[in-house]
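So the chains spell out like this:
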Amino acid sequence: RSLAKYDYTETETSNVIAAGWVACPDLATHASDMASDEIGDGTATSDSTATNPPAVLVAVHIDGRVSVRDPAGRVVAKLAFSFGETAKRERVVAACVYYNRGGLTSASRADPGAPVTGGVFAVTAQGTILLVDDLHRPLPTRIGTIEIPAEWSGLIGGVDHDVSSTNPFGGIDETGSTSSENFTVLALAAVPPVQTSHGRAELHISVAPAGDAPDMPSRCMYLACDQRGGCVDQQLPERFGCIVRIAVSPGGNLLALANAEGSVHVATSDLRSYVSESDVSHAGPQPVPDLVLWCGSDAVALAWHGACGGGEEAPDVVLVGPAGDHVSINVGSSFGPRCYGIAGVTEVDGMRLLCGNEHVFVRRVPASLRKCLEPGSAA
């Protein structure tokens, strides 16, 4: 079944801070809320629904509203909710949607029959961190606050500055980062509760002073936030630098942290152990990649939007291995002119890359196949 083109108005798209897909096996129970002009037949057998549950697109708006649409673009009204008056008053400047793979929530980890669902983190301009940890029972909870150092407050370039005069709505700027009066969100990522040792969803977030360039921050804080511990500055080693990209491995046990100098650090999600460090500052067209994601749990992929289809001198994607070695792959050069955007999705056994007319799946070569095809094989 083909997917529909989403019919968002200009106002809706300009106010969307973040969006993400969440599986929803009981989507059929919300059919009465669908628009009458639905696209596609909407049919699915019980077997296909069990193995491939339908998904919904969850979009977080600047005023704290959360809208939900099915794969055909139809509004699912029963799953829509709001983060409440706090989010509306302070406005949302960053958000992260996560999916509870396996169907467990922080409230029902012991119930294997719980609906496959997910949650949403929202960050307001005043530094308030809000969480809805179950989309089927949306109860917004304030889990902590980003405590900005005194020297950051209201300062841009060392002078007092009223951010409302230049960015009255906050939200996403032209660089892709998000800003508020006192800080800029450089990167954020969520670790679902089924992938944490304490069974609570975690938000990892890197922030810098509002006046700093997103890809060249002068200083930053790296925080980990959850429902019980609040927001804690992780005080990363100095060699980590300012983290500008964060990616969580499919198993949730590893983090890929890219800094502004072009280094990629791999650490455990509790940040107690550091696995590897790789200098990829010269691997791509610029030190900071536009996209960082995992290729399964085997490698970290870095991508640059403007490089897609640029040939050998401008690789589309660089894969960084566990030993720090890296290899370049091109995605957008097979069909027509070069494209200027690339998207990627992490899968448990690899990753999917989309650029122009190409949709490529990349995975680690299985050991059995490698043994058959490697030099000297008797197969």
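Each chain carries its own residue numbering, running from 1 in the written order of its sequence. For a predicted model such as this one, the threshold for reporting local features is a pLDDT of at least 70, and the threshold for listing and counting side-chain atom pairs is 80 or more; totals across whole chains, interfaces and linings nevertheless cover every residue. Side-chain measures here rest on the full set of heavy atoms in the structure, leaving out hydrogens and waters.

Caption draft 1: Inspection of the sheet that holds strand 22 (residues 299-303) at higher detail. Pairing between two strands requires that DSSP report at least two bridges joining them. Strands here are runs of E lasting at least two residues and helices are runs of H or I lasting at least four, both read from the DSSP assignment and numbered beginning at the N terminus. If you trace the four strands from one edge of the open sheet to the other, you get 21-22-23-24, paired in antiparallel fashion. Taken across any chain shown, the strands that pair with only one partner, and hence form the sheet edges, are strand 21 (291-295) and strand 24 (326-329). Averaged over all pairs of adjacent strands, the angle between strand axes in this sheet comes to 25°, irrespective of strand direction. In terms of strand pairing, strand 22 meets strand 23 (residues 317-320) through four bridges, oriented antiparallel. Fitted lines through C-alpha atoms give the axes, limited to the stretch in contact for helices. The angle between two N-to-C directions lies from 0 to 180 degrees.

Caption draft 2: Representation of the sheet that holds strand 27 (residues 358-362). Spatially, three strands are ordered 25-26-27 in an open sheet, and the strand pairing comes out antiparallel. The open sheet is flanked by strand 25 (343-347) and strand 27, the only strands paired with a single partner. Sheet twist, expressed as the mean angle between neighbouring strand axes with direction ignored, is 15°. Looking at chain direction, strand 26 (residues 350-355) and strand 27 are connected through five bridges and run antiparallel.

Caption draft 3: Spotlight on the pattern of salt bridges. Throughout this description, the term salt bridge denotes a Lys or Arg side-chain nitrogen within 4 Å of a carboxyl oxygen of Asp or Glu. Per the stated rule, a full pass over the model turns up eight salt bridges. The partner of D134 in a salt bridge is R137, and the shortest N-O contact between them spans 2.7 Å. Relative accessibility thresholds used throughout: buried, under 20% of the residue-type maximum; exposed, over 50%; partly exposed, between the two (1.4 Å probe, protein chains only). Here D134 falls in the buried class, since its relative accessible area comes to 6%. In this structure R137 comes out as partly exposed when scored by relative accessible area, which is 46%.

Caption draft 4: Quick look at the state of the cysteines. Note that a disulfide, as used here, is simply two cysteine sulfur atoms within 2.5 Å. The full count for this structure, using the stated rule, is one disulfide. The disulfide bridge from C225 ends at C231, spanning 2.4 Å between sulfur atoms. Its S-S torsion of about 110° marks the bond between C225 and C231 as right-handed, since a negative value means left-handed. Under the relative-accessibility criterion, C231 is labelled partly exposed at 21%.

Caption draft 5: Seen up close, the pairing of strand 19 (residues 263-268). Judged by how many residues are buried, strand 19 sits mostly within the fold: six of six residues are covered. Burial along strand 19 is two-sided: the residues S263, H265 and A267 and V264, V266 and T268 are all buried. The sheet contact formed by strand 18 (residues 254-259) and strand 19 spans five bridges and is antiparallel. Looking across to strand 19, one finds that A256 is bridged to V266. The antiparallel hairpin formed by strand 18 and strand 19 contains three residues in its connecting segment, where G262 sits at a positive phi of about 95°. Where strand 19 meets strand 20 (residues 274-279), five bridges bridge the pair, whose relative direction is antiparallel. Directly across from A267, in strand 20, lies its bridge partner Y274. Connecting the antiparallel pair strand 19 and strand 20 is a turn made up of five residues, with L271 showing a positive phi of about 60°.

Caption draft 6: Region of interest: the pairing of strand 14 (residues 202-209). Along strand 14, eight of the eight residues are buried, which leaves the element largely enclosed by surrounding structure. As judged from the eight bridges shared by strand 13 (residues 183-191) and strand 14, these two strands associate in the antiparallel manner. Pairing of V185 across the sheet is with V207, part of strand 14. Note that strand 14 and strand 15 (residues 221-226) share five bridges and pair antiparallel. By the bridge assignment, S206 is partnered in strand 15 with Y222.

Caption draft 7: Layout of the side chain of E90. Tracing the chain through its elements places E90 in helix 3 (residues 85-90). Within this scheme the basic residues Lys and Arg register as positive and the acidic residues Asp and Glu register as negative, but His and the chain ends are omitted. Despite being buried, E90 has no salt bridge partner; R89 is the closest side chain of opposite charge, sitting 4.1 Å away. A polar contact of 2.5 Å, which involves the side chain of E90, links it to the side chain of T124. Here a polar contact is taken to be a pair of N or O atoms separated by no more than 3.5 Å, where protein atoms must pair a possible hydrogen donor with a possible acceptor and residues adjacent in sequence count only if both atoms sit in side chains. At 3.0 Å, the side chain of E90 and the side chain of T128 are in polar contact. Contacts are assigned to residue pairs that have any heavy atoms within 4.5 Å of one another. Ignoring sequence-local partners within four residues, the contact set of E90 consists of T124, A125, Q126 and T128.

Caption draft 8: View of a nonpolar patch on the surface. Taken together, the side chains of V365, L369 and L373 make up a nonpolar region of the molecular surface, amounting to roughly 290 Å² of accessible area. Examined against the element boundaries, V365 turns out to sit in the loop between strand 27 and helix 4 (367-373). Like charges within 9 Å and nonpolar side chains (Val, Leu, Ile, Met, Phe, Trp, Tyr) within 5 Å are joined into patches, using only residues over 30% in relative accessible area that form no salt bridge. Note on areas: Shrake-Rupley, 1.4 Å probe, and residue coverage restricted to the protein chains presented here.

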